[in-house]
Amino acid sequence: MTAPTAVLREMRWWDIEPVLELEHELFPEDAWSAGMFWSELAHARGPHATRRYVVAEAPDSGHIVGYAGLAAAGDLADVQTIAAARDQWGTGLGARLLTDLLRAATAFECAEVLLEVRVDNTRAQKLYERFGFEPIGFRRGYYQPGNVDALVMRLTDPAQATTESTESNG
């Protein structure tokens, strides 16, 4: 029997503290601050929303086991953050979170999606490549204070990527 699937829902202000706990566990050197999440969520609701943030809750405990966020500006979206708890690695949660963000990019009418990923995070890079993201450059020393480079990746046509990922995973 497989473990129950995490439930995705819109991130709200009361999720910031549990998300921060996971953020610090997964990204101890360059974790986001509470203020960064507050700022992003301030743009995630209402008729002029430009952000989409979701959390993944374990159905049995209600604990936050993942989260993701997207910013949209004009016809360009940027994956701001995406994370899954270590005990969720290999369960498909990352793909589900990314699919949600790409659907949001489509709803925001974005033609392209960009993201930065640590050059040493090959697990995430493989996920993005499965969805059709292609490397387009580097940002030297992007992740501080560790001075780790970021690989910049781009996806054209996020609507097509979500259709293909649904067909290949479903």
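Residues numbered from 1 in each chain as written. Predicted model: local features only at pLDDT ≥ 70, side-chain atom pairs only at ≥ 80, totals over all residues. Heavy atoms only, no water.

### Things to note about the pairing of strand β7 (residues 148-156)
Here is step 1 of the chain: Looking at chain direction, strand β5 (residues 112-118) and β7 are connected through seven bridges and run antiparallel. Following the sheet pairing, Arg-118 is matched in β7 by Ala-150.
Here is step 2 of the chain: Bridge analysis of strand β6 (residues 134-143) against β7 gives six bridges, and the strand direction is antiparallel. Across the sheet, Arg-139 pairs through a bridge with Ala-150, a residue of β7. (Pairing = 2+ DSSP bridges. Helix = DSSP H or I, 4+ residues; strand = E, 2+ residues; numbered from the N terminus.)

### Thoughts on a nonpolar patch on the surface
Here is step 1 of the chain: A contiguous nonpolar patch, built from Trp-13, Trp-14 and Trp-38 and spanning about 410 Å² of accessible area, is present on the exposed surface.
Here is step 2 of the chain: Assignment of secondary structure puts Trp-38 in helix α2 (residues 34-41). (Patch = residues over 30% accessible without salt bridge, like charges linked within 9 Å, V, L, I, M, F, W, Y side chains within 5 Å. Areas by Shrake-Rupley, 256 points an atom, 1.4 Å probe, with all protein chains shown as cover. Salt bridge = Lys/Arg side-chain N within 4 Å of Asp/Glu carboxyl O.)

### Thoughts on the packing of helix α3 (residues 93-107) against helix α4 (residues 122-130)
Here is step 1 of the chain: Between α3 and α4, the shortest axis-to-axis distance is 11 Å and the interhelical angle comes to 50 degrees. The orientation of α3 relative to α4 falls into the category oblique. Considering the relative orientation of α3 and α4, their crossing is right-handed. For the pair formed by α3 and α4, the contact residues are Gly-94, Ala-95 and Leu-98 on the first element and Leu-127, Tyr-128 and Arg-130 on the second.
Here is step 2 of the chain: Split by residue class, the contact of α3 with α4 holds four nonpolar, one polar and one charged. (Axes fitted to C-alpha atoms, helices over the stretch in contact; angles between N-to-C directions. Parallel < 35°, antiparallel > 145°, perpendicular 65-115°, else oblique. Left-handed = near helix turned anticlockwise from the far one by under 90°. Contact = heavy atoms within 4.5 Å. Nonpolar A, V, L, I, M, F, W, Y, C, P; charged D, E, K, R; others polar.)

### Let's talk about the pattern of salt bridges
Here is step 1 of the chain: If you walk through the whole model with that rule in mind, you get eleven salt bridges.
Here is step 2 of the chain: We note a salt bridge from Glu-25 to Arg-86, for which the minimum N-O separation is 3.7 Å. One end of the pair, Glu-25, is in helix α1 (residues 16-26); the other, Arg-86, is in the loop between β4 (76-84) and α3, with 61 residues separating them in the sequence.
Here is step 3 of the chain: Residue class for Arg-86 comes out partly exposed when judged on its relative accessible area of 43%.
Here is step 4 of the chain: Between Asp-30 and Arg-118 there is a salt bridge, with the nearest N and O atoms lying 3.4 Å from each other. Taken together, the residues Asp-30 in the loop between α1 and α2 and Arg-118 in strand β5 connect sequence positions 88 residues apart. (Buried < 20%, exposed > 50% of the residue type's maximum accessible area, 1.4 Å probe, protein only.)

### Section: unusual backbone geometry
Here is step 1 of the chain: Note that the residue after Gln-144, namely Pro-145, is joined by a cis bond; omega there is 10 degrees.
Here is step 2 of the chain: Positionally, Pro-145 belongs in the loop between β6 and β7.
Here is step 3 of the chain: Here the phi dihedral of Glu-109 falls at roughly 65 degrees; this positive angle occurs in a residue that is not glycine.
Here is step 4 of the chain: Using a relative accessible area of 67% as the deciding quantity, one classes Glu-109 as exposed.

### Re the packing of α1 against α2
Here is step 1 of the chain: The interhelical angle for the contact between α1 and α2, taken along N-to-C directions, is 130 degrees, at an axis separation of 10 Å. Judged on the interaxial angle alone, α2 and α1 are oblique. The two elements α1 and α2 meet at a crossing, and its hand is right-handed. Across the interface between the two elements, Ile-16, Val-19, Leu-20 and Glu-23 of α1 pack against Ala-34, Phe-37, Trp-38 and Leu-41 of α2.
Here is step 2 of the chain: Of the residues assigned to the contact of α1 with α2, the class counts are seven nonpolar, no polar and one charged.

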